[in-house]
Amino acid sequence: MQFGIFSVSDVTTDPTTGHTPDDTERVRAMLTIAQHADEAGLDVFATGEHHNPPFVASSPTTMLGYLAGVTKNITLSTATTLITTNDPVRLAEEYAMLQVISGGRMDLMMGRGNTGPVYPWFGQDIRNGIPLAIENYALLRKLWTEDVVDWKGRFRTPLQGFTSTPRPLDGVPPFVWHGSIRSPEIAEQAAYYGDGFLHNNIFWPMTHTKQMVQFYRERYEHYGHGRADQAIVGLGGQVFVRRNSQDAWNEFRPYFDVAPVYGHGPSMEDFTRETPLTVGSPQQVIDRYGAFVEEVGYYQRQMFLIDHAGLPLKTVLEQIDLLAEDVVPELRRIVEAKRPADDVPLNPPTHAERVAAARTAGEAAATHVGDSVDPYTGTVAEDAQPATHAGRSFGL
């Protein structure tokens with residue numbers, strides 16, 4: 001299993017000192033955090049995408065492109081790439097460029113974001129959120145997998161004879177996650193394409209997360225990509241760790257109370273009981289997160305939010321060290337021991353693995369001329385778009 005950190009890039013006043021970083025300080029802090037995570041041995045760093053204060057991560061590929069040049073091992077990703085309000089043509093170009101620059105040491109997560117006003121800012125209507133996500137991603141895949149694209153859709157001008165450049169590295173697009181908290185249509189989309197599904201359940205009880213992941217797994221198997229337990233799943237999470245549990249509670253409480261993601265709402269006691277937020281010792285984090293596999297099955301990526309709510313950079317770097325030294329090794333051992341079979345993926349696929357799979361699928365396709373085989377998943381393609389299941393009730 002991979003373990004990493006993600007940032008929502010909020011600019012928040014430190015309630016214990018009154019210091020508010022400016023945008024430049026916050027961006028540079030994020031770069032330092034990502035580099036430190038790489039040096040500490042974590043597997044993934046992901047940045048969100050926002051276009052409004054108090055957030056600063058408006059250009060993920062710029063940040064990740066820089067990090068590709070100054071890090072060595074860590075996978076660079078996004079906690080959200082706004083598939084609804086970004087032009088798929090620009091997404092195809094920018095993330096193929098990042099893939100080339102990083103040597104394939106990247107992936108990305110498609111999402112709709114959590115800021116309603118972003119839609120009119122980019123000329124869209126929030127009421128079209130789900131249709132935009134479906135159409136834009138279908139076009140993005142086409143731009144990555146076809147050298148010359150003719151296309152006509154509902155939400156942008158047609159394309160005629162268009163070639164997106166640069167082409168994906170080794171002819172294989174980046175691995176894509178689809179992130180959603182409450183929309184089964186997005187889980188359906190991920191399953192249809194055989195992509196990963198990440199449930200960023202930082203505000204939700206495990207009962208809800210289990211329901212969404214189970215639906216994705218069932219639909220993944222339905223579309224013929226493999227067994228349900230072979231689907232690629234990721235979870236979000238939040239922790240604040242100190243060697244002594246009470247020290248963690250005392251230190252984190254003032255930050256929790258003002259955090260833009262959940263401050264001024266439920267108490268920290270209620271929030272830690274009802275959501276994955278875990279404040280305490282390394283062993284408490286290990287015990288809590290080590291049990292998630294019992295709820296959702298073996299999954300391939302666990303992400304932690306640790307750099308928000310005005311926490312000073314020094315504290316965040318200490319959190320990374322505690323995760324890397326005291327939490328992740330034991331958590332990895334516990335979770336990987338629960339992997340149900342050797343053919344259940346240990347981690348999300350690497351670029352090299354995807355290249356090998358594409359070549360194998362291409363060879364198989366040559367012997368089955370009558371089938372339309374997707375060279376990137378190895379499955380027989382279907383003409384229809386993913387079903388939206390809009391009528392199915394999930395109690396969401």
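Rules and cut-offs
- Residues numbered from 1 in each chain as written.
- Predicted model: local features only at pLDDT ≥ 70, side-chain atom pairs only at ≥ 80, totals over all residues.
- Heavy atoms only, no water.
- Helix = DSSP H or I, 4+ residues; strand = E, 2+ residues; numbered from the N terminus.
- Rg over C-alpha atoms; globule rule 2.2 N^0.38 Å.
- Buried < 20%, exposed > 50% of the residue type's maximum accessible area, 1.4 Å probe, protein only.
- Contact = heavy atoms within 4.5 Å.
- Areas by Shrake-Rupley, 256 points an atom, 1.4 Å probe, with all protein chains shown as cover.
- Pairing = 2+ DSSP bridges.
- Salt bridge = Lys/Arg side-chain N within 4 Å of Asp/Glu carboxyl O.
- 1 Å grid on protein atoms, 1.4 Å probe; cavity = no way out; pocket = protein on both sides within 12 Å on 5 of 7 lines; lining within 4 Å.
- Points joined across faces, edges and corners; volume = space filled by probe spheres on them.
- Nonpolar A, V, L, I, M, F, W, Y, C, P; charged D, E, K, R; others polar.
- Expected span 1.5 Å × (residues − 1).
- Polar contact = N/O pair within 3.5 Å; in protein donor to acceptor, adjacent residues only side chain to side chain.
- Axes fitted to C-alpha atoms, helices over the stretch in contact; angles between N-to-C directions.
- Parallel < 35°, antiparallel > 145°, perpendicular 65-115°, else oblique.

**Q** I'm lost on the overall build of the chain in this one. Help?
**A** Summing up its helical and strand segments, the chain has 13 helices and 13 strands in all. Against the globule reference of 21 Å for 396 residues, the chain gives a C-alpha radius of gyration of 21 Å, in line with a compact fold. Expressed as lengths along the three principal axes of its C-alpha atoms, the size of the chain is roughly 65 × 45 × 45 Å. Per-residue burial over the chain gives 55% buried out of 396 residues. When contacts within the chain are restricted to residue pairs at least 6 apart in sequence, those whose partners lie at least 24 apart make up 72%. Per element, the accessible surface of the chain, about 16,600 Å² overall, is 50% carbon and sulfur.

**Q** Whenever I open this one, the sheet that holds strand E8 (residues 175–179) confuses me. Can you help?
**A** Backbone hydrogen bonds are what pair the strands of a sheet, in a parallel or an antiparallel way. What the nine strands build is an open sheet, ordered E3-E2-E1-E13-E10-E9-E8-E5-E4; its pairing is parallel. Edge positions in the sheet fall to strand E3 (75–78) and strand E4 (81–82), since each has one partner strand and no second.

**Q** It is not clear to me how the pattern of salt bridges should be interpreted in this structure. Could you clarify?
**A** For side chains bearing opposite charge, pairing can occur when the charged atoms are close. Applying the stated rule across the entire model yields 23 salt bridges. One salt bridge connects Asp195 with Arg141, and the closest N-O pair in it is separated by 3.7 Å. With Asp195 in the loop between helix H6 (184–193) and strand E9 (196–199) and Arg141 in helix H5 (residues 129–145), the pair connects residues that are 54 residues apart, well separated along the chain. Asp195 sits in the buried class, given a relative accessible area of 6%. Residue classification places Arg141 among the buried residues on the basis of a relative accessible area of 13%. Asp147 is paired through a salt bridge with Arg167; the nearest N and O atoms lie 3.2 Å apart. Taken together, the residues span a long stretch of sequence, with Asp147 in the loop between H5 and strand E6 (149–151) and Arg167 in the loop between strand E7 (159–162) and E8 at a distance of 20 residues. In this structure Arg167 comes out as partly exposed when scored by relative accessible area, which is 24%. What you see here is one network of salt bridges that share partners, running through Arg242, Glu251, Lys314 and Glu318.

**Q** Where do I start with empty space enclosed by the protein in this structure?
**A** Scanning the model with the defined rule gives four cavities of 30 Å³ or more in all. In this structure, the largest cavity spans a volume of roughly 100 Å³. Lining the largest cavity are 13 residues, and of these Thr78, Ala79, Met109, Leu198 and Met303 sit closest to its centre. Within the residue set of the lining of the largest cavity, elements represented by two or more residues are strand E2 (44–47), E3 and strand E13 (301–305). Across the lining of the largest cavity, the residue classes break down as eight nonpolar, four polar and one charged.

**Q** Would you mind showing me how to read helix H1 (residues 23–40) here?
**A** Residues lying three or four places apart along an α-helix face the same way, a consequence of the helix completing one turn every 3.6 residues. With 18 residues, H1 should reach 26 Å at 1.5 Å per residue; the first-to-last C-alpha distance of 26 Å fits that figure. Restricting attention to buried positions, one finds in H1 the residues Arg26, Ala29, Met30, Leu31, Ile33, Ala34, His36, Ala37 and Asp38. Contact partners of the buried residues in H1: strand E1 (2–7), E2, helix H2 (60–70) and helix H12 (313–336). The backbone nitrogen of Thr24 has a side-chain oxygen 3.2 Å away, supplied by the residue at the start of H1, namely Asp22. Positive phi shows up at Gly41, right after H1, with a value of about 100°.

**Q** Even after reading the chapter, I still don't get the packing of H2 against helix H3 (residues 88–102), so can you show me in this structure?
**A** Packed helices, taken two at a time, are described by the angle between their axes plus the distance between the axes. Their axes nearest at 9 Å, the elements H2 and H3 cross at an angle of 5°. When the interaxial angle is binned, H2 and H3 end up roughly parallel. Two secondary-structure elements touch here, H2 through Pro60, Thr61, Leu64, Gly65 and Ala68 and H3 through Glu94, Tyr95, Leu98, Ile101 and Ser102. Considered class by class, the residues forming the contact of H2 with H3 number six nonpolar, three polar and one charged.

**Q** Help me understand unusual backbone geometry, please; the structure alone is not making it clear to me.
**A** Among all residues except glycine, the phi angle is most often negative; among peptide bonds, the trans geometry is most common. Residues Pro53 and Pro54 are joined by a peptide bond in cis, for which omega reads 10°. Along the polypeptide, Pro54 turns up in the loop between E2 and H2. Of note, the amide linkage connecting Thr165 to Pro166 takes the cis form, showing an omega dihedral of -5°. Relative to the elements of secondary structure, Pro166 occurs in the loop between E7 and E8. Despite not being glycine, Ser9 shows a phi value in the positive range, around 65°. Tracing the chain through its elements places Ser9 in the loop between E1 and H1. Non-glycine residue Ala309 carries a positive phi angle of around 65°. Along the chain, Ala309 turns up in the loop between E13 and H12. A relative accessible area of 0% means that Ala309 is categorised as buried.

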